[in-house]
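# Coordinate inspection notes
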Amino acid sequence: MNQMTGAQLIVRLLERQGVRTIAGIPGGAILPLYDALSGSDIIHHVLARHEQGAGFMAQGMARVSGKPEVCFASSGPGATNLVTAIADAMLDSIPLVAITGQVPLPMIGTDAFQEVDIYGMTVPITKHNFLVRSARELLEVIPEAFRIAMSGRPGPVLVDVPKDVQNQIIEFAQFPPVAVRSPSPVVQVEQVEAAARMINEAERPVLYLGGGVIHSGAAQQAVNLAEQAGLPTTMTLMALGSMPVDHPLSIGMLGMHGARYTNFVLEESDLLICVGARFDDRAIGKAAQFCPNAKIVHVDVDPSELHKIKNAHVAINGDVAEVLDALLPRVKVQLREGWLARVAALRTAFPMQFPEQDNPRSHYGLIHAVAEALDDEAVITTDVGQHQMWVAQAYPFRRPRQWLTSGGLGTMGFGMPAALGAAMAAPERTVVCFSGDGSFMMNIQELATLAEQQLNVKIVLMNNNALGLVYQQQNLFYGKRVFASRYKGEPDFLRIAEGFGIPAIDLDAAANPQATLVQALQTPGPCLIHASIDREQFVYPMVPPGAANTEMIGG
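A brief look at the structure comes next. Please read these numbers as outputs of a predicted model, since none were measured by experiment. Within each chain, residues carry numbers counting from 1 in the order of the written sequence. A pLDDT threshold of at least 70 governs which residues receive local features in this predicted model, and a stricter bar of 80 or more applies before side-chain atom pairs are shown or counted, although totals over entire chains, interfaces and linings include all residues. Side-chain descriptors were evaluated using all non-hydrogen atoms of the structure, hydrogens and water having been removed beforehand.

## Some thoughts on the sheet that holds strand β3 (residues 44-47)
Think of it this way: DSSP has to see at least two bridges between two strands before they count as a pair. Per the convention used, a helix needs a DSSP run of H or I reaching at least four residues, while a strand needs a run of E reaching at least two, with both numbered from the N terminus. Within the open sheet, the 6 strands sit side by side as β3-β2-β4-β5-β7-β6. Their pairing is parallel. Strands with a single pairing partner mark the edges of an open sheet, and in this sheet they are β3 and β6 (128-131). Taken pair by pair, the neighbouring strands of this sheet meet at an average axis angle of 20°, ignoring direction. Relative to β3, strand β2 (residues 21-24) runs parallel, the two being bridged by 4 bridges. Residue pairing for β3: Ala 23 is matched across the bridge by Val 46. Between N-to-C directions, angles cover 0 to 180 degrees, with each direction set by a line fitted to C-alpha atoms, over the stretch in contact for helices.

## A few points about the packing of aromatic side chains
Each Phe, Tyr or Trp ring, with Trp reduced to its six-membered ring, pairs with another whose centre is within 6.5 Å; inter-plane angles below 30 degrees give stacked pairs, above 60 give edge-to-face pairs, and intermediate values give tilted ones. According to the stated counting rule, one finds 14 aromatic pairs in the structure shown. When the ring of Tyr 208 is compared with that of Phe 290, the centres are 6.3 Å apart and the planes differ by 65°; the resulting orientation is edge-to-face. One end of the pair, Tyr 208, is in strand β9 (residues 205-209); the other, Phe 290, is in the loop between α13 (281-284) and β13 (295-300), with 82 residues separating them in the sequence. Here a set of aromatic residues connected by ring pairs shows up, and it is made of Tyr 395, Phe 397, Trp 403 and Phe 434. Look at NZ for Lys and CZ for Arg. If either is within 6 Å of the ring centre and within 35 degrees of the ring normal, a charge sits over the ring. Over the ring of Tyr 471 we find Arg 535, and its NZ or CZ is 5.9 Å from the ring centre.

## Topic: the side chain of Thr 430
Relative to the assigned elements, Thr 430 resides in the loop between α18 (415-425) and β17 (431-436). Each polar contact in these results corresponds to two N or O atoms within 3.5 Å; when the atoms are within protein, one needs to be able to donate a hydrogen and the other to accept it, and residues that are neighboring in sequence are counted only if both atoms are side-chain atoms. A distance of 3.3 Å separates the side chain of Thr 430 from the side chain of Asn 456, its partner in a polar contact.

## A short note on the sheet that holds strand β15 (residues 379-382)
Across the sheet, 6 strands lie side by side as β16-β15-β17-β18-β20-β19; this open sheet has parallel pairing. Here the strands that pair on one side only, and so sit at the sheet edges, are β16 (403-404) and β19 (504-506). Where strand β18 (residues 457-463) and strand β20 (residues 527-532) come together, 6 bridges link them in parallel fashion. Looking across to β20, one finds that Lys 458 is bridged to Cys 527.

Keep in mind that these numbers describe shape and distance, not what the molecule does.
Here's what the structure looks like:
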C-alpha cells in the first residue's frame, strides 16, 4: 500500500504525467503542495512574479510542446490573477492544467481570508473544472484533468484543492494509469467523399487553415492537400507557420490586417475548404459578405463550431489530421493553372507592402533584420497591438509552433512570460519576444524571473510611447479625438532592464543598428533590445470595424 498526503499525491501524479516544469507563486492555501513539491527531484519550479505571468509561462510551454503544462496559484487573489491566462488558453485552445489552493473545506462559503469561488468563476472559461473534496478523489481528478485538457479541442482545466485536502493522508494500492488523449470522433467517410468531390469539381477553390491544424499536428497533411489539388492557401493569425510563408501556394494571412490581394482572392473563390478554423470576426470581417460565391467545406474537431458562424455545405467533425489523411487519397491531382494565374495577377495588383524594409530603425525593417539574423528554429512570441500585426504580416514563418501569440483574447502582457515558457520547453532554441511599450509594462516584473532563470530570450521592444492600436483607431475612426492613448511620461526601459539584471541595448544610439542587433540576438542569454518607432506609423491595410474584408483601407 502507498501512503501519502493529498499534496504528495498530486506531485507524484504530475511526475507520472510527464510534467517537468511548473510555474507558480506560493501562498498560505497552497503551501502543503509547495512543501511536497520541494521533495521532487523531477519537477523544476519557476517562481513567477505574478500569477498571470505563471499562467502565460505554462501557456508558452504548452504552445511549444503541444502537451498540457501546469501552473500553480494560491487561493483568493492568487487564483483570480490566473483568470486572464486561463481565459486566453480557452480562446486559443491551449492545453493547460491550473492547480489552485483553496481554504479548508469547513471554511468554504464563510468569506474566509483569501476565499473566492474560483470554481464558479472559471466555469465559462475552462473546458472543465474540479473542486476536490477528498484526497482520494485526486487519483481520478488529476489524470482526468490532463485527459480533458488534451482531448478533442484542447483547452484549460482548473483543479481547486482545499488546504485540508492537501494535508489529508490516504492509503491506496496503486497509481492510476497515465492519462492519454481520448479517441477522436470517427471520420464519416460519406462526408469526406462529398468534400473530395467538391474540391475536384471546383474551379476557384481556396484552402483556409486555422489554429486547429497546428494543434492536431496536421501542417504537413495540409500542405500536401494544397500541393495535390492546386489550392491557394490562406492562414488565420493562429495558423501562421502551418504552410511556409514563401511556399508558392501561400497567400498569407487573411482578414483585418491581411494583404488586400488575399481578401480579394477569397472574394472570387467558389469553394472554401476551412480546416481547423472558426470563422473568427477578425479573420472574415462581416460574415454575410465573406466569400459570397463560395460553397464551404468545414473540418473541425469541435462540433459546436460547425455551422456556428457560416453554414457549411459539407461539415466534417473529426481530428484535422485524421480527416486530411482520409481526404488526400480521394482528391485528384490538379494544376489549376488558370486560377493560380488569376491569384498571381491579384497579388501583383494588390501586393502586401513593407515600406522601409531595409531600414532596421523602421517597424518593418526591424522585423526583417531580426528574421535575417535568425534561422527557422527560432521561436517568435508577441504581445498584442500594432507590433503584433506587423510581425504577423512581415515575419517569414515557415514551421508550426514557431509563432506564439494571443489571438482570441488579445491579451497585452502575454508576450514576455510566454517567451519564458517557450524557452523552458525548448532551451535549445532562441526565443524572441516582440513587444510594444504598452504591452511590455503589463507584465514587466517577469524580467526578474527571466534574469533568475537566465533563459535565451530576447525582447525586441518597439517603443512608440503610446497604446498604438488605440491611437490608430482614434485617428481613423474617432475624428482624431486622441484620448488616453499617449503616455505623458517615458520610462527608461534600458535602465529598468538593467535594474532587473537584464543586459540591454538601444538601437536608437547604435552606429550600426544591423550589426548591433545581430550581435545581441546571437549572444546566448537574455537581452532587451530597445527601438523607438514613429507613433504615426499605422498598421495597414486594415478592415474597419464592422466592414467586409473587401472594404480595406490603406496599404
